[in-house]
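Observations on chain architecture
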Amino acid sequence: MVRQLTCSAILLLIAAGYYSVASQITRSALADEIGPAGLPVVYALVLATVALALAAKAVFRPLLLRTADATASAGEPTLGFLLRRAGGVFAIGVGYVLIVPLAGYFLTLIMVIAAMALYQGERTSARLATIAVAGAASFWLLFVQLLGIPMPSLWGA
Amino acid sequence: MTFRHRIYLAAVAALAAAPPCAAQTAYPHEVVTLVTHSSPGGGSDVFLRDLARYLGPVMGVKLVVENVRGGSGARAMARLANAPADGRIVYAVTPTYIYTSLLSHPVNNYKDLEPLVNVFFDEEIVYTRADGPLHTLADVIAAARSRRGRWGASTPASLERQALEQLKLAAGVQAAIVSHDGGGDLMLNVLNGTLEIGVGEAQEIRGQLAAGRLRVLAVFSAERVADLPDVPTVQESGYDLVLTKFRGLAGPKGLPDEIILAWELAIQQVLADPDYRNVYEAAMLSPAFMSHADYGPFIDDFASRTEAYLRRTGVLQ
Amino acid sequence: MESLLLGLTLLVTTPLVLAAVGGVSWGVLGGALPGISPSITMALVLPLTYGMEPGSAIVLLAATYVGAEYGGSIPAILINTPGTNAAAATVLDGYAMQRQGRGGEALGISLYSGVLGGLFGLTMLVVLTEPLARVALAFTPMAYFALGILGLSIIASLSGESLLKGLASGVLGLMVATVGSDPVSGVPRFVFGRPELLDGIAPILIMVGLFAVSELYQQASAAEWRKTAGAETRLRFPDGALRRRLIKPQILGATIGTLEGVMPGAGGTIASFMSYNEARRWSRHKEEFGHGSPEGVAAPETANNTVAATALVPVLSFGIPGSNSAAILLGGLLVHGLIPGPRLFEENADVVVALYTGLFVANLSLLFIGLLILPVCLWLVNRPKAYLMAFIYALIFSGVYSIDHSLFDVALVLVVGVAGVFMRLAGLPMLPAVLGVVLGYMIESNYRRSLVLSGGDHGIFIEDAIALGLLSTAMLFIAGSLTTRAYLFVRRRRRQSERAADG
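Residues numbered from 1 in each chain as written. Chains lettered and ligands numbered in written order. Predicted model: local features only at pLDDT ≥ 70, side-chain atom pairs only at ≥ 80, totals over all residues. Heavy atoms only, no water.

Looking only at helices and strands, one finds five helices and zero strands in chain A. Moving toward the C terminus, one meets the helices and strands of chain A in the order α-α-α-α-α. When the 157 residues of chain A are sorted by exposure, 38% land in the buried category. Sequence-distant contacts, at least 24 apart, represent 59% of the contacts inside chain A between residues at least 6 apart. (Helix = DSSP H or I, 4+ residues; strand = E, 2+ residues; numbered from the N terminus. Buried < 20%, exposed > 50% of the residue type's maximum accessible area, 1.4 Å probe, protein only. Contact = heavy atoms within 4.5 Å.)

Tallying secondary structure elements over chain B gives 12 helices and 11 strands in all. Radius of gyration (C-alpha) of chain B: 20 Å, near the 20 Å computed for a compact globule of 317 residues. Each principal axis of the C-alpha distribution contributes one length, and for chain B these read about 65 × 45 × 30 Å. A burial count over chain B gives 61% of its 317 residues as buried. Within chain B, residue pairs in contact and separated by at least 24 positions form 76% of the contacts whose partners lie at least 6 positions apart. Charge centroids of chain B, computed over 28 positive and 34 negative side chains, lie 6 Å from each other. (Rg over C-alpha atoms; globule rule 2.2 N^0.38 Å. Lys, Arg positive; Asp, Glu negative; His and termini not counted. Charge placed at Lys NZ, Arg CZ, Asp CG, Glu CD.)

Residue and element names in this part refer to chain C. A positive phi angle, close to 65°, is found at Asn-80, a residue other than glycine. With respect to the helices and strands, the residue Asn-80 is situated in the loop between helix H5 (73-79) and helix H6 (88-99). Of note in this structure, Phe-190 is not a glycine but carries a positive phi near 50°. You can see Phe-190 is positioned in the loop between strand S2 (188-189) and helix H11 (203-219).

Facing five residues of chain A, the contacting portion of chain B comprises eight residues. Summing both partners gives a buried area of about 520 Å² for chain A against chain B, and 60% of it is carried by carbon and sulfur. When the buried surface of chain A facing chain B is broken down by residue, Ser28(A), Ala29(A) and Leu30(A) rank first, second and third, together holding 80% of it. Taken together, chain A and chain B are joined by zero salt bridges. Its residues assigned to classes, the side of chain A that touches chain B shows two nonpolar, two polar and one charged. (Buried area = accessible area lost by both parts, 1.4 Å probe. Salt bridge = Lys/Arg side-chain N within 4 Å of Asp/Glu carboxyl O. Nonpolar A, V, L, I, M, F, W, Y, C, P; charged D, E, K, R; others polar.)

Moving on to the pattern of salt bridges. Here the idea is simple: oppositely charged side chains can pair when their charged atoms come close. Inspection of every chain in the model, using the stated rule, returns 30 salt bridges over all chains. Between Arg161(B) and Glu165(B) there is a salt bridge whose closest N-O contact spans 3.0 Å. With Arg161(B) and Glu165(B) both in helix H7 (residues 159-171) and four residues apart, this pair spans about one turn of that helix. For the pair formed by Arg161(B) and Glu165(B), the shared burial category is buried. We note a salt bridge from Arg448(C) to Glu444(C), for which the minimum N-O separation is 2.9 Å. Of the two residues, Arg448(C) and Glu444(C) are both situated in helix H21 (residues 430-454); the distance of four residues between them amounts to about one turn of the helix. In this pair, the class of Arg448(C) matches that of Glu444(C), namely buried. If you follow the salt bridges from partner to partner, you end up with Asp122(B), Glu124(B), Glu160(B), Glu201(B), Lys245(B) and Arg247(B) in one network.

With 65 residues of chain C at the interface, the matching set in chain A holds 71 residues. A buried area of about 6000 Å², summed over both sides, lies between chain C and chain A, and 77% of it is on carbon and sulfur atoms. Contact with chain A buries surface across chain C, with Met175(C), Phe190(C) and Tyr387(C) losing the most and accounting together for 11% of the total. Run the count over chain C and chain A and you get one salt bridge. A salt bridge links Asp32(A) to Arg448(C), with the shortest nitrogen-to-oxygen separation between them at 2.9 Å. Inspection of the chain C/chain A interface yields 10 residue pairs in polar contact (both at pLDDT 80 or more). Broken down by secondary-structure element, the contributors of at least two residues to the side of chain C that touches chain A are helix H2 (16-32), helix H10 (163-177), H11, helix H19 (385-404), helix H20 (407-426), H21 and helix H23 (465-502) of chain C. When residues of the side of chain C that touches chain A are assigned to their parent elements, the largest contribution, 14 residues, is made by H19(C). Here the side of chain C that touches chain A is composed, by residue class, of 44 nonpolar, 13 polar and eight charged. (Polar contact = N/O pair within 3.5 Å; in protein donor to acceptor, adjacent residues only side chain to side chain.)

With that out of the way, let us pick up the sheet that holds strand S1 (residues 31-36) of chain B. Residues and elements named next belong to chain B. Overall, mixed pairing links the six strands, which are arranged S2-S1-S3-S10-S4-S11 in an open sheet. The strands lining the two open edges of the sheet, one partner per strand, are strand S2 (62-67) and strand S11 (285-290). Taken pair by pair, the neighbouring strands of this sheet meet at an average axis angle of 25°, ignoring direction. The sheet strands contacting helix H10 (residues 257-272) are S1, S2, strand S3 (89-93), strand S4 (113-122), strand S10 (245-252) and S11, and the helix crosses S4 at an angle near 10°. (Pairing = 2+ DSSP bridges. Axes fitted to C-alpha atoms, helices over the stretch in contact; angles between N-to-C directions.)

Quick look at the domain arrangement of chain B now. All names here are of chain B. Segmentation of chain B into domains returns domain 1 (2-122 + 244-312) and domain 2 (124-219). Facing 15 residues of domain 1, the contacting portion of domain 2 comprises 12 residues. In this assembly, domain 1 and domain 2 are joined by four salt bridges. One salt bridge connects Lys-245 with Glu-160, and the closest N-O pair in it is separated by 3.2 Å. When contributions to the side of domain 1 that touches domain 2 are tallied by element, the ones reaching two or more residues are helix H5 (95-104), S10 and helix H12 (292-312). The biggest single contributor to the side of domain 1 that touches domain 2 is H12, with four residues. Grouping the amino acids of the side of domain 1 that touches domain 2 by side-chain chemistry returns nine nonpolar, two polar and four charged. (Domains from an automatic or database assignment.)

The five strands are arranged S7-S6-S8-S5-S9 (chain B) in an open sheet whose pairing can be described as mixed. Each edge of the open sheet carries a strand with a single partner, namely strand S7 (175-179) and strand S9 (214-219) of chain B. Going from strand to strand, the sheet's axes swing by 30° on average, the running direction of each strand aside. As defined by bridge partners, strand S5 (residues 124-129) of chain B adjoins strand S8 (residues 197-201) of chain B across four bridges and the pair is classed as antiparallel. What sits directly across from Tyr127(B), in S8(B), is Gly198(B). Each of strand S6 (149-153) and S7 of chain B is contacted by H21(C), which is oriented at about 165° to S7(B), the strand it contacts most.

A separate point is the packing of helix H7 (residues 103-138) of chain C against helix H12 (residues 240-262) of chain C. Residue and element names in this part refer to chain C. Direction vectors running N to C along H7 and H12 enclose 40°, while the axes themselves pass 8 Å from each other. It follows from the interaxial angle that H7 and H12 lie oblique. Note on packing geometry: the crossing formed by H7 with H12 is right-handed. On H12, the residues touching Glu-105, Ile-109, Tyr-112, Ser-113, Leu-116, Phe-120, Met-124, Leu-132, Val-135 and Ala-136 of H7 are Leu-242, Arg-243, Leu-246, Gln-250, Ala-254, Thr-258 and Val-262. Among the residues making up the contact of H7 with H12, the classes are represented as 12 nonpolar, three polar and two charged. (Parallel < 35°, antiparallel > 145°, perpendicular 65-115°, else oblique. Left-handed = near helix turned anticlockwise from the far one by under 90°.)

Right, let's get into the domain arrangement of chain A. Reports of interface size often rely on the accessible area that becomes lost once the parts have come together. Splitting chain A by domain gives domain 1 (2-64) and domain 2 (79-146). For domain 1 of chain A versus domain 2 of chain A, the separation of C-alpha centres amounts to 38 Å.

Further remarks concern the pairing of S7(B). Residues and elements named next belong to chain B. Among the five residues of S7, five are classified as buried, and the element is accordingly described as predominantly covered. Neither face of S7 is exposed, since Ala-175, Ile-177 and Ser-179 on one face and Ala-176 and Val-178 on the opposite face are all buried. The sheet contact formed by S6 and S7 spans five bridges and is parallel. Residue pairing across strands places Gly-149 opposite Ala-175, the latter belonging to S7. Regarding the hand of the β-α-β motif, the stretch spanning S6, H7 and S7 is right-handed. (Right-handed = clockwise from strand over helix to strand, strands pointing away.)

This paragraph deals with helix H14 (residues 294-310) of chain C. Between its first and last C-alpha, H14(C) extends 25 Å over 17 residues, near the 24 Å set by a 1.5 Å rise per residue. Looking at where H14(C) begins, the residue whose side-chain oxygen comes 3.2 Å from the main-chain nitrogen of Glu295(C) is Ser293(C). (Expected span 1.5 Å × (residues − 1).)

With that settled, consider the side chain of Asn189(B). Among the secondary structure elements, Asn189(B) is positioned in helix H8 (residues 183-191). Taking relative accessible area as the criterion, Asn189(B) reaches 6% and is therefore assigned buried. Here the side chain of Asn189(B) touches His180(B) through a polar contact of 3.0 Å, side chain to side chain. In contact with Asn189(B), not counting residues within four places along its chain, are His180(B), Thr194(B), Leu195(B), Phe139(C), Thr140(C) and Pro141(C).

This model, assessed by the stated rule, comprises 24 aromatic pairs over all chains. Note on Phe47(B) and Phe120(B): the rings are 5.7 Å apart at their centroids and 75° apart in plane angle, and the pair reads as edge-to-face. With a gap of 73 residues between them, Phe47(B) in helix H3 (residues 43-59) and Phe120(B) in strand S4 connect regions that are remote in the sequence. Phe120(B) carries the same exposure label as Phe47(B), and that label is buried. With centroids separated by 5.5 Å and ring planes inclined at 70°, the aromatic side chains of Tyr276(C) and Phe289(C) adopt a geometry described as edge-to-face. Within this pair, whereas Tyr276(C) is found in helix H13 (residues 267-281), its partner Phe289(C) is found in the loop between H13 and H14, the two being separated by 13 residues in sequence. Considered together, Tyr276(C) and Phe289(C) belong to a single accessibility category, that of buried residues. Here the aromatic residues Phe47(B), Tyr54(B), Phe120(B), Tyr276(B) and Tyr280(B) are joined through ring pairs into a cluster of three or more. (Phe/Tyr/Trp six-rings, centres within 6.5 Å; stacked < 30°, edge-to-face > 60°.)

Here's what the structure looks like:
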C-alpha cells in the first residue's frame, strides 16, 4: 500500500509540474481556439484525477477484496538493493556521455564494456581486456567504418 | 588537374564579366560539406543532392551532403556557426532558417551565418481540385464571403501560412487556415475536398498537376511562371502579395573573398549547364542567382519583414 | 501477361536481383541495430542509387526498407530492444519467449510471418493500388483523429491488472508527445531552450529507454540467467501444428497492415500494436499473451512487413511519403526524374514493374538471409550475462547516437530508463505509454485541425462517416473491456465471500 501511495504522489507531482509549465506556453494570434496549452492542461487534469483514484483504490480496495499481499519472494532482490545496482549501471551510462567527447568513441567504448563486465562480476583478466578491446573494435568497424556515423573521435577527423 | 583547368577556362569563357584572376585559383579544398536541415529525401535534400552532382565537377571538388536534422535548422545553424570559415562547409538555406531563428530562440541564429549566394526561388502556387467549383482566385474570395472558407498551408509558422493569413486580411473574408505537417498531407486534403485551396511549392504537386487532378489558380511570384503562362499572379488578381521562397547557400561568418568568388562563379556556371537546367526546370525551380553583395541585404530584409509580421500577429512578444 | 514477361526479362538481364538481395541484407543489418531506423539505413545507400539505372535504384531502396522492417524484430526478441518503432509490439511476447529459452522458436515465427506478410502486402500493392489509393484519399483530419483514438482504446485491453494504471501510463505517453513545436501555431512547448527537443522526442528513444535500458538497470540485481540447453538455442521454424495456429493472427496482421500501410502517417507501429491486440482478442489462448505467445509474435511481425509493401501506395500514387523511410524512397524516385502520380504507372511502367519484381525477390531472399544470420545472433545472445549486458549497453549508446548524432539523445534514453524502472516498481504497464507517445501527435494535431475547419464545432467528427465509424468501434472496444473487467471483479469477490463462508 505504501508503494501504491508513493506512486500516486509521484504521478500527482508530475501532473502539477507539467501543468505549471503548460500554463506558461505562449498563445499567439496564429493559435486556434483550443490553443497550444489546451490539450496539455487536459492531460495534466486527467493524470491528477487518475493519481487520486489510484490512491483511493490503494486505501479502499483491501476492504472490498482481499488480495494476496505482494510480499517479496525468496529470489527477489530487495528494493534498496535493486535501486543501488540499477544506480551503478546508470552511473556507467552517465560516465559514457561525459567521457566520450573527451576520449573519443573507441576508447570510451572499451572503458564502458570493461566497466559493465566488471560491475556484473567478471574478474579483471587478460580475457576481459581482450574482449573489451575486440568488442569496441567491432562496434567501431560497424558504426564508423561501415555505417559512416560520425562518432565523437579523439583524433578530430 | 588538366580537367579542372579546362573547367575554369570554360568558366571564364561563359562569364566574360568575371575578374580574370578567379580562373587561376582552384578551390582550396578537395572535399566540401553541404549541410541541410532536411531529412534525406526531403525537399531541400533532393535539391541539394541534385545540385551537388552538377556542381562538384564545375568546382573540381567532392561535395558531400550531410543531413544535420533537429530543431528545424537550429542544430544545423549551430554546426555552421562553430565551423571554421574557410569554405569547407556550406549550409543550404531556405526561409525555414529565418523562421526558426525568430521563433525558437536557438543558441545560434541566422545572424551568426554569412549569406553566400542565392540559387533558386521556389514557385509558390495556389491550387484546388480540378473537379471543384473554383476557377480563379476571385472565386475563392467570393466563396469565402458567403461562408467560411477552408484554406490550407503546409506547416504552422511558414511562409505559406503567412501568405494565407495576409490574403485573408487583405480580402476581409472569413477562412479557416489549417496548417499541416508538410506539403503532402495538405495536398491530400485538397484532393479529398476537405480544403478548398492549398498553397504550396509547385514541385510538390506536379505529379497530380500532370495527371489533371489539380488546378492552379494563381502564383505568388512577382511575374508569371514560364511553365504556367495562363495562370495569373496573386498581384494581378488584386492583392499585393509576393512570396519569395529562396533556396541559397550560407557559410560561417568571415568567409575569405576568394572563396566567395569561387562560389559566385560556380553557381552561375552550373545554372547555365543545359543538363542541370533540365533537372531544375522539371522540379519547377526558377534560377535566381544573387551575388554575395546582394544576398546579405536580401536576407536581412526578409528577416526583418518576417519578424515584423510575427510581432504583429503576436507569435513573437 | 506482358508485364510478367517484362518482369522476367528484367530479372535475368539487369542487376535487379543483386539490388534486391543486397538491399535486403543491408536493411536487415540496419534494422537490427537499435536506433538505426529503416530511414537511416536507406539514407546510407541513397547516394549509391544516383549512378544506377532507375529500376535497380528503386529496388535497392525498397528492398532495404523490407529488410529493415524485418530486422527490427531480431533485437526486439533477443534483447528486449525494438530495433525499429514497428517492432515495439514484438517485444512483449518475443522477449518473453527468449527468456523462456524459446528465442530460436520466436525468431523462426517472426521470419516466417514477416516473409508471408511481405508477400501478401506485395500482392495487395500489385493488384489493388487503385482502390487502396482511394482509401488513403478518404482519410480526412477527422478520420485520422478517430484512428488515433481507436489506437489508444487498445489501452483498455492491454493494461494488465489495473485499468487506472494503464490510463496513467497512457497519459504520461501523451504528455511526452506534446514536447516540441505546437502543430497549429508553431510555438515551442516543453522545450526548455533545447534545440534537440524542438522536433519532439522520437518514439524510438522512449521505446529503447523503457524496454531496453530499464531492463539493463533491473537485470543488474537479478541472478544469472538459466543456461539454455543447446537444442533451444537453434533457430526453429514453426512446425505444421504451429503453422495452423498462426494462420489467424497472420490474417489479422496482414489485413490491418494493408489498411494502415496505405494511410500516410499511420504506419507500421500502429498496425503492429492493433494487430497484436486483435490477435489477442480472437485467440483461443488469450492467457498466453504477454507470457510468450507465438501468436503475439506472428501478428505484429506479419503486420509491419505488410506495411513495408503497402506504404508504397501513397508514395507511388500521390508522391506523399507516409513515413521517413517512404520519404527517402520518394527522394530516390525524384532524383531519377520519376514523378509519382497516376501517370507514373503509364509513363514509367517499366520502373513500376521492376519495383514489383524486385520486391518479390527481396521477400524471398529475406528468408535465406534470415536463415543465415539468425543462428549467429542466437549465438551472440547466449554469451555470459555480464558480457552480454556490456555489449547491449554499448550497442544502445552507438545506435541512439546514430539517429541524430546527438549525445543529448543518449542522455535522454538513460533518464527514460530510470523512469522505466520506477514504472516497473509501481506496476505501471509500459505499453500504454509507448502507445501514447506514438499516437499523441497524430491525435492532437488532427483534433485541432478538425476544429479549425469546423470553427470549434465537435459535430464535425460525427458528420465524417469514417471518423464516426472508427470512433464507434473505439467506444465498443472500451465498453467491452470495461464489462469484462467488472464481471471478473464481481466474480472474484463472490468467490472470496463464498470461501469465507465455507471457512
